[in-house]
Each structure stands twice: as structure tokens, then as C-alpha cells.
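Commentary on secondary and tertiary structure
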Amino acid sequence: MAPFELVAPESVDAAVATLRAAGGALPLAGGTDLLPDLDAGRVDPRRVVSLRRLPWRTLDWTGDSLVVGATLPLRRLEADPDVRRRFPGLYAAVRAVGSVALRHRATLGGNLARAAPASDLIPVLLALDAEVEVVGPAGARTVPVDAFVLGSRRTDLGPADLIRSVRLPESRPSAYLWQRVRPSNDISQVAVAVAYSPSRRDWRVAMGGVPPRATLLSGAADALEGPRPDDGSIRRSAERAAREAALVADKRASEEYRRRLLGTLLARATRATVAVEAP
Amino acid sequence: MTGGPLSWTVNGRARAVTGVPDDERLLDSLRWRLGLKGTKEGCRSGECGACTVLVDGETTLSCLTLAREVDGASITTIEGVGSDPDGAAVRRAFEAAAAVQCGYCTPGFVMSLTGLLRERGRSVPPEEIAEELGGNLCRCTGYVAIVRAVARALSEPP
């Protein structure tokens, strides 16, 4: 790892200006994903811009919508009883990230910005219709998470853009389930996030764990009828998911194994969501 | 590059640490600048938990933390854990349950359990305990005794 200069600006403007000025600068939030990449030489910045002094460790409720500051440690998110009650899928997904000690530093903003193909948080953010609030040289903008994540390790962020916060527009009964070879320190072979929107009266289904990125499965979502879909509806949804999902084989699982997992996890996640009392 | 001195409170004692490069990990500062070698380096990638310390009371992977990012913090390592009432209870529980094989993972487990008791008290639901401590790996696979130690620490008043 080549030495870099670490700076910790005191304001958002200064952070953006620093990123803009220095060619080869990278932002640092919790560092739990960036530091292993620095060690492995996958990134080689001349300057690292720490976000630790920015006022983004926040959790703000407005009615039943929630804005999560980009640098709030994930452990603080899971420790909030309202998050657990009103966004059960998000709670489960956060608990699936690394270990407790890792989650004391890892952040929602960092997870999104690094856009790992196996991210546990992106599927549930898709199912919750999350919006990413970005600040940068051109000002502030809001990007739906589906348009924000472009591929494996690729996002809509420009080189001097930062994620300020993530907005979850409404509380939703939801669930997140995953399958791994080793639960504590592996990444998922397949993960499924499911949410029911009480205002839109429809479902969202998202698949994770399959490169290059988490995706919404709209056919599977459309097959789920009403707030309490019956077994036939759940079965049709699982069948559609298996048809529409772009699955790949890699060292973690074959395509066929992933297809079976997807249907099983989707049915279980849907039943778990139905079992959630409306928040 | 190297900035000014860092000031930490380490195991209750104020320490000024000089000459720390910007890319140095907390793990390396503790072991090689302060000589606190009870904190172990395992995987150096956040998977094994051997390097766990408390930073301002929270369990933290010192291998994935830049030293300069925690300037001003209060840090507790295995060397100082006995001065904390929860830490002392955890240490007693590990001794009583003989929850040590080769010992390499032990400091990390003791720090993680101490941090858990500080954060959530002794009323953690039993079904969540394994998950709470799932970030610490024992390569000897001596988990049965470790689970006994955890049960003992949770049942003992501090």
C-alpha cells in the first residue's frame, strides 16, 4: 500500500472542494471496505478524505419516513427500536453485514458508495424505494437507489460527489433472507428482500448476492396479490422470479442452485413479511 | 505522510503518540508504538475479530481502523480490561470455564463480550448471543468452553 495523505475536512463544502482539487482522492467513511482494498492495491489514492467531522451521523424520522445520515454507524441503525419495528427488512439486512465490531464503524453511505456486488443493504434499499441524497460540485440531487447503483463497484457518484443521506419514504412490512456457506464471515449465494407498500398497495422484490448487482424483480412482485397473498400467489411469484432473474454461476454457487434458492427464499421472505404487523 | 501527535487515553492513561503515518492502523500503533501486544493480528481484513479493542466503549476492529481516525479517543485493550467491572467479570468467566486453548483468539473474545455487556447489559436474548459474538473466530474450534464462559459472564453480576 502506497502511503497516502489523510485529511479530515470540517465542512461538506471543504470535503467536496478537497475531493475536486486532488486527482486520485477517495472519501473514507467507516473504512471497513476501503481499507482491505487499499491493502490489496485495488485502489491507490494519493489522498484520502475522511468524512468523520461531517454532521452526518443522524437518524431523522418524519412521520413514517426515515432519513439515515451517510456516516451513521450501522450498529446505531440496528439499535434503534423504531427501525427494527418499522423497517424489519432493513434491520435484518443490517444484522447480516459483517460482525458487531465491524458494524460499529461501517456505514450505510459507505456500503452504497462502494457498491459491492454482494452488498446486503442494496437489495433491501431497492425494496424500500430508497432515495440517495448526493452532494457535489453541482449542488445537491436525489437519485433513486435503482438508478444510483450502476453495476459491480459502479455508481452514479462523480469523483467529487458524496452521499449525504439515504431517505426511506415509508415504513413497510419487509423481510430480508440470505443463504451462505458460512453464515458469520462469507457473502451470500443468494439474498432476497421483500417489502409491501401500504400506500401503493403493491410489493417490491429484490435479489442480492448475485453479481454484478442487486436487482428488482418486477414480475415476481406483480404476482403477489394484496397485502396477504395466498400460497398460489406466492408460488407463482417464486416461479416468475426464477424465470426473470439473471443468475450466474461462480465459486459460491451454480446457476441452478441459485435458481432454487431464489424461489425458496422469496416464498419464505414473503410469508415473513405477511406475518409482520403493519408498523 | 505524518501529521502531529495523537492523544489517546489508553487503558485509563493519557498517551501522546508521535510519528504515526497517515496510513497506520490502530492495531499497529497499539502493538508496535505502545507495546500492547495482547491485541492480536489475525486476518487483518475484519473477518476474525482477534484485533478487537474498545474505542470509546465500542468494540472496534483495530486492523480496519486508521489510527488518526480515532484521535482523541479512549481505548481499552486486553491489558486494561480488568479495570472495567464488566471486563473483570468476563475475564473471571473465561478463567473459570477454561475457555482458552491456544489463546490467540482469547483477547478478541474477551473484548467483544465486554463490549456487548457494556452496550446491551446482561439481558441479551439467548438466541442473539451467538450472532453478537459471530465476528470472533477460534481456529482451535474451542467454542464449547467459550460458550460456557459467555453463559457464566452473563449470569454473574458485575
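Since the model is a prediction, treat every value here as computed from it, not as a measurement.

**A closer look at the sheet that holds strand β13 (residues 202–208) of chain A**
Residues and elements named next belong to chain A.
- Ordered in space as β11-β12-β13-β14, the four strands form an open sheet in which the pairing is antiparallel. Both edges of this open sheet fall to β11 (174–179) and β14 (215–216), since each of them pairs with a single strand only.
- Sheet strands touched by helix α12 (residues 255–275): β11, β12 (190–197) and β13. Its angle to β12, the strand with the most contacts, is close to 30 degrees.

**Looking at the domain arrangement of chain A**
Residue and element names in this part refer to chain A.
- When cut into domains, chain A gives domain 1 (5–50), domain 2 (59–168) and domain 3 (174–275).
- Residue-level contacts link 23 residues of domain 2 with 23 residues of domain 3.
- A buried area of about 1,700 Å², summed over both sides, lies between domain 2 and domain 3, and 59% of it is on carbon and sulfur atoms.
- Our enumeration of links across domain 2 and domain 3 arrives at three salt bridges.

**Side note on the packing of helix α2 (residues 85–96) of chain B against helix α3 (residues 106–120) of chain B**
Residue and element names in this part refer to chain B.
- Between α2 and α3, the shortest axis-to-axis distance is 9 Å and the interhelical angle comes to 135 degrees. Our classification of the angle between α2 and α3 gives oblique. Where α2 crosses over α3, the handedness of that crossing is right-handed. Mapping the contact onto sequence places Asp86, Gly87, Val90 and Phe94 in α2 and Thr106, Phe109, Val110, Leu113, Thr114, Leu117 and Arg118 in α3.
- The class makeup of the residues in the contact of α2 with α3 is six nonpolar, three polar and two charged.

**Digging into the pairing of strand β4 (residues 59–62) of chain A**
Residues and elements named next belong to chain A.
- Summarising the sheet, β4 and strand β5 (residues 65–69) pair through four bridges and their orientation is antiparallel. By the bridge assignment for β5, Leu59 is matched with Val68.
- Here β4 hands over to β5 after two residues, with Gly63 in that stretch at a positive phi of 60 degrees.

Conventions used here
- Residues numbered from 1 in each chain as written.
- Chains lettered and ligands numbered in written order.
- Predicted model: local features only at pLDDT ≥ 70, side-chain atom pairs only at ≥ 80, totals over all residues.
- Heavy atoms only, no water.
- Pairing = 2+ DSSP bridges.
- Helix = DSSP H or I, 4+ residues; strand = E, 2+ residues; numbered from the N terminus.
- Contact = heavy atoms within 4.5 Å.
- Axes fitted to C-alpha atoms, helices over the stretch in contact; angles between N-to-C directions.
- Domains from an automatic or database assignment.
- Buried area = accessible area lost by both parts, 1.4 Å probe.
- Salt bridge = Lys/Arg side-chain N within 4 Å of Asp/Glu carboxyl O.
- Parallel < 35°, antiparallel > 145°, perpendicular 65-115°, else oblique.
- Left-handed = near helix turned anticlockwise from the far one by under 90°.
- Nonpolar A, V, L, I, M, F, W, Y, C, P; charged D, E, K, R; others polar.

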